[in-house]
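Fold and geometry: a report
One-letter residues, chain by chain:
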Amino acid sequence: MTSAPLSAPRPRALTYGNVWLSVVLLAVMALYPFVFGKSLNFGVSTLLLAGFAMSWNILGGWAGQLSLGHAALLGIGAYTVTLFAIPERAPAWLGLAGPVAPWWGALIGMALAALLALVWGRLTFGLRGSYFTLSSIAVALIIRLVVINEDFGGGAEGLFMPDLPKLFGLDLFDRKVEYGLAFAFVALTLLITHLLRRSRLGYALQAVREDEDGARALGIDPTRMKLAAFVLSAMLTALGGSIYAVYLQAFEPHTLLELPLSVQIALMAIIGGRSTIQGPVLGALLLSVFGEVFRNVFANANLLIYGVLILAVTLFAPDGLSGLFKRRGSKLGTNR
Amino acid sequence: MTAPAAQPRPPQSGTPLFEAQNVSVTFGGLKAVQNISLTLRPGEILGLIGPNGAGKTTLFNALTGFVTPSSGRVLLSGRDITRLQPQVRARLGMARTFQVERPFEDLSVLENVLVAAFLHHSGKRAEDKAYAVLERVGLADRAAQPAAELNLARRRRLELAKVLALEPRVLFLDEAIAGLNPPAQAEMVALIRELAASGLGIVMVEHIMHVIMGLSNHIICMAFGELLAEGDPLTVANHPDVIRAYLGEDDD
């Protein structure tokens, strides 16, 4: 058995995690438009997916509650910002004088998503095991059906984003501006995750994930902690959803609210590494690059990549790709 | 610490620290615990014994809020806490360990204790508190190690460190000593004595007879969910029913 050195310095638990890796990732993201100025679309969508995976991971990774319904939360953000920007829709129903600027629309969407997460979590977090996952599929399905069958959100045809006011003189439909927004979104999710790493909530979530009764014995209310994680995750996802809507300019429920998008978000986080801070970003990057490369080769067999990757990860790196590095690192540590 | 092991109970005065009144637990038709009452004062150690299946763990769960009693009351400093959740009881000053120790395996030893220290402290103060508790139970040199790598004796100590970080007034220990080798047993016994001397009320379930007889001020022996005998260790040890139901089987 290895014994600790005699005069080992007192170890620290309270850290923000590997901040430098995040700084490097953000620097790469910031430089991307200057190098690949012609592939901004790929950049924006990859950043948004990374942000969604990071947001998902607050609930799925930290609290251990696997959601397969995050597309619904994303959709709430996208739909709210669009509906409030179209004068004859939400503003008219609420008797407002004119359209609501998208940044306010995004905040409203976040509030609605938080509310939904509260109700949804209250109903399902009392149960243990996979009930939450099942319920998340069901809730997303219900929301999709309502949107498709009711007229308020444009029905099955979806919505078009109208002209938007300028944000600090910036045109929101400029790809560079959208890249900036997506970048800010990823940066925010990274920042929040680093803060979570050092916080009481972060530790409580990890305790709940590992052992609910053990956590309860230590004064932690599992339901309340999971609700907090869900609300945080939902609000961030809705924020990303509203940026996504601006980027898409037109969207329909058949792409935005479907299960595959929910699955994709979850898989990026799982493949990247749920128990790490930056894992979801790496997962999003990997899947986006693979998707882009193999789209031309396999055309519609694109989904095959997901299948292969899931198999590879579950077989060879159950903790995700980042877990692979981590494990190698810790092995080096014990051998030393 | 050096006080004689078996002391007569101090004279009754004021509200007890912890009290159970006629607690029963029924699962479907099965009466797992029937009409158990007990009283605990600060600094007192109450031992709970009985053969396997006597209902000790169920009673433990009922006293700590993990199972709701079907009848009876549980009081902490005179306040009725029968229906309070374990997490609320922790805030009020109750803490328990589990028979099968359950560290958060993804976390380091220090982080495990930190989770508990966050109950009453925040930020850096919580970390300092957690480290101080690790020093107290002799685990400070393992602070950075993943909890999953600890051996049984150290896991037990980690379990104790976690509940101590909650700064409880009443401590429930579910087989904290069984399974340890003799030196580790002696260390744990000394630690428990020290805790009681500092004013904690302790309820403990334990299988090792000489340990619990030596530690407890008062002993409750259960069999088939019912009270078989109670009193000071000597009285209970010599009780014919206890010998028949429990000790007789062990000492053949």
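Here the focus is the sheet that holds strand 1 (residues 18–27) of chain B. Residues and elements named next belong to chain B. Reading across from one edge, 2-1-4-5 is the order of the four strands in this open sheet, with antiparallel pairing throughout. Across the chains shown, the open sheet's two edge strands, defined by having one partner strand only, are strand 2 (30–40) and strand 5 (79–80). Where strand 4 (residues 71–76) lies against strand 5, two bridges are found, and the strand directions are antiparallel. Residue pairing across strands places Leu76 opposite Arg79, the latter belonging to strand 5.

Note on placement: Gln99 of chain B falls in the loop between strand 6 (94–96) and helix 3 (109–117). Not counting chain neighbours up to four residues away, the residues in contact with Gln99 of chain B comprise Thr57, Asp174 and Glu175 of chain B.

Residues and elements named next belong to chain B. The share of residues in chain B with pLDDT of 70 or more is 92%, and the mean pLDDT across the chain is 89. Overall, residues 1–6 carries pLDDT values under 50, and its contacts beyond four positions in sequence, including any with other chains, amount to nine contacts. Scored as a complex, the prediction yields pTM 0.88 and ipTM 0.88.

Before going further, it helps to spend a moment on the interface of chain A and chain B. Listed per partner, the contact involves 21 residues of chain A and 31 residues of chain B. At the level of elements, helix 8 (200–210) and helix 9 (212–217) of chain A are the ones that each hand at least two residues to the side of chain A that touches chain B. Class assignment for the residues of the side of chain A that touches chain B results in ten nonpolar, four polar and seven charged.

Looking now at the pairing of strand 2 of chain B. Side chains on a regular strand alternate between the two faces of the sheet. Residues and elements named next belong to chain B. Pairing geometry for strand 1 and strand 2, over seven bridges, is antiparallel. Across the sheet, the residue bridging to Phe27 is Leu30, located in strand 2. Once strand 1 ends, the chain turns through two residues before running back antiparallel as strand 2, passing Gly28 with a positive phi of about 60°.

The subject of this paragraph is the domain arrangement of chain B. Often the size quoted for an interface is simply the accessible area lost on bringing the parts together. Residues and elements named next belong to chain B. Partitioning chain B into domains gives domain 1 (18–93 + 169–250) and domain 2 (102–167). Using C-alpha coordinates to define each centre, domain 1 is positioned 24 Å away from domain 2. Of the residues lining the interface, nine residues belong to domain 1; the matching set on domain 2 comes to eight residues. Listed by contribution, the elements that provide at least two residues to the side of domain 1 that touches domain 2 are helix 2 (86–92) and helix 6 (182–197). With three residues, helix 6 is the single largest residue contributor to the side of domain 1 that touches domain 2. For the side of domain 1 that touches domain 2, the per-class residue count stands at seven nonpolar, one polar and one charged.

Let's shift gears to helix 6 of chain B. Residue and element names in this part refer to chain B. The terminal C-alpha atoms of helix 6 lie 22 Å apart, and with 16 residues this matches the ideal 22 Å at 1.5 Å per residue to within 8%. Those residues of helix 6 lying buried are Met188, Ile192, Leu195 and Ala196. Buried residues of helix 6, seen end-on, are gathered within an arc of 95° and therefore sit on one face of the element. Set apart from the buried face of helix 6 by more than 90 degrees, the exposed residues are Pro182, Pro183, Ala190, Glu194 and Ala197. One or two steps after helix 6, the chain reaches Gly199, where phi turns positive at roughly 110°.

Residue and element names in this part refer to chain B. With five bridges connecting them, strand 9 (residues 218–223) and strand 10 (residues 226–231) associate as antiparallel partners. Bridging across to strand 10, Met222 finds its partner in Leu227. What sits between the antiparallel neighbours strand 9 and strand 10 is a turn of two residues, in which Phe224 has the positive phi angle 50°.

Cut-offs applied
Residues numbered from 1 in each chain as written. Chains lettered and ligands numbered in written order. Predicted model: local features only at pLDDT ≥ 70, side-chain atom pairs only at ≥ 80, totals over all residues. Pairing = 2+ DSSP bridges. Helix = DSSP H or I, 4+ residues; strand = E, 2+ residues; numbered from the N terminus. Contact = placed C-beta atoms within 7 Å. pLDDT = per-residue confidence, 0-100. Nonpolar A, V, L, I, M, F, W, Y, C, P; charged D, E, K, R; others polar. Domains from an automatic or database assignment. Expected span 1.5 Å × (residues − 1). Buried ≥ 20, exposed ≤ 12 C-beta atoms within 10 Å, placed from the backbone. Arc of directions from axis to C-beta.

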